[in-house]
Amino acid sequence: METSGETLDPQDWHEFRRQSHRMLDDMLDYTEKLRDRPVWQPIPQEVRDVFRKAMPEKSGDMAEIHALFMKNVLPYAIGNTHPGFMGWVHGGGTPVGMMAEMLAAGLNANLGGRDQIPVEVERQLLRWVRALFAFPDTASGLFVTGTSMANFISVLVARTAALGETVRETGLPEGHGLVAYASASAHVSISQALDMSGLGAAALRKVALDERFRMDVKALEAAISQDKAAGLRPFMIAATAGSVDVGAIDPLDEIAELAKRHDLWLHVDGAYGALGMLAEEIAPLLKGMDRADSIAFDFHKWGQVPYDAGFVLVKNGELHRRTFASPAAYLQRESRGMAAGSPWPCDFGPDLSRSFRALKTWFTLEVYGTEKLGRAISNTCALARYLRQRIEAAPMLELMAPVALNIVCFRHLGDDKINADIVAALQESGIAAPSTTRINGRLAIRAAIVNHRTERRDVDALVDAVIGLGEKTR
Ligand SMILES: *Cc1c(COP(=O)(O)O)cnc(C)c1O
């Protein structure tokens, strides 16, 4: 039998090594000199066109492809590594995380299961997460893409709690009447999770907000009573710790009390806010989170771990396992050899092939430590308060929501269009990059300070540019 002997490894390792070092140096230069670049810049059509070609049949040269990356990819990312980025809720990443990601890629580990130290590293992360949130040793957890997936997994476990495992086999029973609750400003991934679970997005009740943009507990209780009176079956409350529009934290302790009284599953979407536990002055604001049945959060936001690194934590680990574990001959478990070490991560979620997200997270925690990471989180909140001060001192600017954590919503005098134009012009200027949201029906300029690199001068640049652009519109 003739075989080619050809592999995909380099023929000239020496040259490959030199090229690899150039690529590493380029990324380190990029990170070191981020400030010299615009946050974001509009993408010319020629750059988009570079990628529109047929799939290559012949081998290319890595140095040339690298040059193409430097010219056409690197300058046109969204800019969340940049200290001036304040849009949505994006983490900044770190060089430590980048290097760990390279190690993980070199190892090419598949963390679905089996007896390997990469899975053990993920288990250690779970132990740390349990300790951080004061969850018991029987709690289970899993790295996932992000909080959207973690919310979905949590809804499915809550569904098992309400209907039993048979629902996995038989689907939802006729007239099950299950309904869930979240605040009106909960992230859209909660209603999507209900949609994907088969319960339907309409099964999610959007509870009114109080004056601090938190879930109004009286309105929540009224909604539960009303649904019960109508013969429906409340099963879950999805509270938010750090809402995406203004950074509000629902009153977790009161909601936990209510959940207990009505025997409801309490889920906390703490996508970015939950890691506030690492910061001394924020942790008390999250009181009651330990009473949740499940928590969804991201290491890739406030935790600064490079994308993606979401996490789901479930207090009842056995219920979590029973929601996902499936028998399959090729996943046969053994007590020795490579197939030992059950249960495996694939028993706790829908993914079988899984990347080694735990490694970049482990490196981040080991290298920086929780104190330094906590200080970075605190600092984003201090910068938000500084931004609030600057807004309050500027007569043409108006604060639109209380600053609970690290998100500031404000606007310039004038209508929605003027404010939308200011934000678009600001993004195109490359000076600073906030995004927008709507607060009580009005468009707001929204600055979410998540990046550990952001400093006072970036906040000043944002405010000065908003005022400057505002002047031009008059
Ligand atoms: C970012 C965010 C999500 C979604 O998380 P992903 O990691 O983007 O999937 C959900 N809820 C809140 C409150 C968020 O801030």
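Quick notes on the rules
Residue positions are counted from 1 within each chain, in the order its sequence is given. This being a predicted model, a pLDDT of at least 70 is required before a residue's local features are given, and a value of 80 or more before pairs of side-chain atoms are given or counted; all residues contribute to the totals for chains, interfaces and linings. The basis for every side-chain value is the complete set of heavy atoms in the structure, and neither hydrogens nor water enter the calculation. Residues are labelled near a given molecule or strand when at least one of their non-hydrogen atoms is within 4 Å of it. Polar contact is the term for a pair of N or O atoms within 3.5 Å; when the atoms are in protein, one must be able to donate a hydrogen and the other to accept it, and sequence-neighboring residues count only if both atoms are side-chain atoms. The accessible surface values rely on the Shrake-Rupley method and a 1.4 Å probe; as for residues, cover is taken only from the protein chains in view. The residue classification treats Ala, Val, Leu, Ile, Met, Phe, Trp, Tyr, Cys and Pro as nonpolar and Asp, Glu, Lys and Arg as charged. All others, Gly included, are polar. Strands pair, by our definition, only if DSSP identifies at least two bridges between them. Helix and strand assignments come from DSSP, with helices taken as H or I runs of at least 4 residues and strands as E runs of at least 2, each series counted from the N terminus. Every definition here rests on a 1 Å grid over the protein atoms only: cavities are sets of points where a 1.4 Å probe fits but cannot get out, pockets are open sets enclosed by protein on both sides within 12 Å along at least five of seven lines, and lining residues have some atom within 4 Å of a point. Grid points are joined across faces, edges and corners, and a volume is the space filled by probe spheres set on the points. All the domain ranges listed were derived from an automatic or database domain assignment. Pairs of residues are marked as contacts when any of their non-hydrogen atoms sit within 4.5 Å. Accessible area, probed at 1.4 Å, shrinks when two parts are joined; the buried area is that loss added up over both. We define a salt bridge as a contact between a side-chain nitrogen of Lys or Arg and a carboxyl oxygen of Asp or Glu at a distance within 4 Å.

(A) Quick look at the site of the ligand. Taken together, 13 residues are adjacent to the ligand, and Ser-148, Asp-269, Asp-298, His-300 and Lys-301 come closest. Asp-269 has a polar side-chain atom sitting 2.7 Å from a nitrogen atom of the ligand. One of the side-chain nitrogen or oxygen atoms of Lys-301 is found 3.0 Å away from an oxygen atom of the ligand. Taking 390 Å² as the accessible area of the ligand by itself, protein coverage stands at 85%. Here the shell around the ligand is built from residues that sort into three nonpolar, seven polar and three charged.

(B) Focus on the sheet that holds strand E12 (residues 442-448). Across the sheet, five strands lie side by side as E1-E11-E12-E10-E9; this open sheet has mixed pairing. Sheet topology places strand E1 (85-86) and strand E9 (397-399) at the edges, where each strand pairs with a single neighbour. In this structure, E9 lies alongside strand E10 (residues 407-412), joined through three bridges in antiparallel fashion. Paired with Leu-399 across the strands is Phe-410, a residue of E10.

(C) Quick peek at the layout of surface pockets. Each pocket or cavity is described by its volume, and for the largest pocket that value is around 790 Å³. Lining the largest pocket are 31 residues, and of these Met-27, Tyr-30, Met-98, Glu-101 and Pro-306 lie nearest its centre. Looking at the lining of the largest pocket, the elements with two or more residues in it are helix H1 (13-32) and helix H4 (95-107). Ranked by residue count, the leading element in the lining of the largest pocket is H4, at eight residues. Each residue belonging to the lining of the largest pocket can be placed in one class, and the counts come to 18 nonpolar, eleven polar and two charged. Three or more residues apiece are contributed to the lining of the largest pocket by two domains, here domain 1 (12-40 + 77-93 + 369-474) and domain 2 (110-355).

(D) Expanded view of empty space enclosed by the protein. Going through the model one piece at a time under the given rule, you end up with one cavity of 30 Å³ or more. Quantified by volume, the largest cavity comes out at close to 100 Å³. Taken together, 13 residues form the lining of the largest cavity, with Tyr-30, Pro-38, Val-39, Leu-74 and Pro-75 sitting closest to its centre. Taken together, the residues that form the lining of the largest cavity break down as eight nonpolar, four polar and one charged.

(E) Summary view of the domain arrangement of the protein chain. The domains assigned to the protein chain are domain 1 (12-40 + 77-93 + 369-474) and domain 2 (110-355). Each partner contributes residues to the interface: domain 1 has 29 residues there, and domain 2 has 26 residues. The contact between domain 1 and domain 2 buries some 2,000 Å² in all, and 65% of this surface belongs to carbon and sulfur atoms. Taken together, the links from domain 1 to domain 2 amount to zero salt bridges. Here domain 1 and domain 2 share nine residue pairs in polar contact (both at pLDDT 80 or more) between them. Considering every element that reaches the side of domain 1 that touches domain 2, the biggest residue donor is helix H12 (residues 357-392), with seven residues. Across the side of domain 1 that touches domain 2, the residue classes break down as 14 nonpolar, 14 polar and one charged.

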